[in-house]
Amino acid sequence: ELLDYDLDMDNWNYSFELSSILSDEDLIIAIRKLTHKQGVVLSLYFINGYTNKEIAAYFKETPQNISNIRKQAIHKIRQNYRKRTLNRKEDKYCG
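Fair warning: this is a prediction, and the values are worked out from it, not measured in the lab.

Q: Looking at this model, I keep getting lost on the environment of K37. Mind explaining?
A: With respect to the helices, strands and loops of the structure, K37 is situated in helix α3 (residues 36-47). On the accessibility criterion, K37 (29% relative accessible area) is partly exposed. Leaving out residues up to four positions away in the same chain, K37 has contacts with F59, E61 and I69.

Q: I'm lost on α3 in this one. Help?
A: Turn by turn, an α-helix covers 3.6 residues, leaving residues three or four places apart pointing in a common direction. In a regular helix each residue adds 1.5 Å, so twelve residues correspond to 16 Å; α3 covers 16 Å between its end C-alpha atoms and thus fits that length. G49 sits one or two residues past α3 and shows a positive phi near 75°.

Q: What should I look at first to understand the packing of α3 against helix α4 (residues 52-59) in this one?
A: Running from amino to carboxyl end, α3 crosses α4 at an angle of 140°, the nearest separation of the two axes being 10 Å. Considering their axes alone, α3 and α4 lie oblique with respect to each other. Taken as a pair, α3 and α4 cross one another with a handedness that is right-handed. In contact with K37, V40, V41, L44 and Y45 of α3, α4 contributes N52, I55 and F59. In the contact of α3 with α4, the residues fall into six nonpolar, one polar and one charged.

Q: Whenever I open this one, the confidence of the model for the protein confuses me. Can you help?
A: Close inspection of predicted coordinates is inappropriate in any region flagged by low pLDDT. The predicted model of the protein averages 82 in pLDDT, with 73% of residues at 70 or higher. Mean pLDDT across the elements of the protein bottoms out in helix α1 (residues 14-19) (65) and peaks in α4 (93).

Q: Looking at this structure, I do not really get unusual backbone geometry. What am I missing?
A: For residues besides glycine, phi is generally negative; the peptide bonds are generally trans as well. In this structure, K60 is a non-glycine residue whose phi angle is positive, near 60°. Mapped onto the elements, K60 comes out in the loop between α4 and α5 (63-94).

Q: Looking at this structure, how should I read the pattern of salt bridges?
A: Once the charged atoms of two side chains with opposite charge are near each other, the side chains can pair. Counting across every chain of the model gives two salt bridges. Salt-bridge contacts for R84 lead to D26; the nearest nitrogen and oxygen are separated by 2.6 Å. With R84 in helix α5 and D26 in helix α2 (residues 25-32), this pair connects stretches of sequence that are 58 residues apart. Here E61 makes a salt bridge to K37, at a shortest N to O gap of 2.1 Å. On the criterion of sequence distance, the pair formed by E61 in the loop between α4 and α5 and K37 in helix α3 is long-range, its members being 24 residues apart.

Scoring rules and cut-offs
- Residues numbered from 1 in each chain as written.
- Predicted model: local features only at pLDDT ≥ 70, side-chain atom pairs only at ≥ 80, totals over all residues.
- Heavy atoms only, no water.
- Helix = DSSP H or I, 4+ residues; strand = E, 2+ residues; numbered from the N terminus.
- Buried < 20%, exposed > 50% of the residue type's maximum accessible area, 1.4 Å probe, protein only.
- Contact = heavy atoms within 4.5 Å.
- Expected span 1.5 Å × (residues − 1).
- Axes fitted to C-alpha atoms, helices over the stretch in contact; angles between N-to-C directions.
- Parallel < 35°, antiparallel > 145°, perpendicular 65-115°, else oblique.
- Left-handed = near helix turned anticlockwise from the far one by under 90°.
- Nonpolar A, V, L, I, M, F, W, Y, C, P; charged D, E, K, R; others polar.
- pLDDT = per-residue confidence, 0-100.
- Salt bridge = Lys/Arg side-chain N within 4 Å of Asp/Glu carboxyl O.

Okay, structure coming up:
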């Protein structure tokens, strides 16, 4: 259970953990634009396999709030990724 671990969330390097399994530089940069909490929630959920309920218990929040944080983080990644790749395509074709 997540509560059994003494996690130092303030110093958790979620971007390293998430980016260590990725090879797309644009995606890594998009992940680094997340808030610290968004990154930690994504890392705990997708990499460490914790449920919203377990993460919520650690943060003393509701599972629904953790779900919302995760969804907002994914949305933010998508926006930043698309923006970055679109800008690169425009630069490539415009000169």
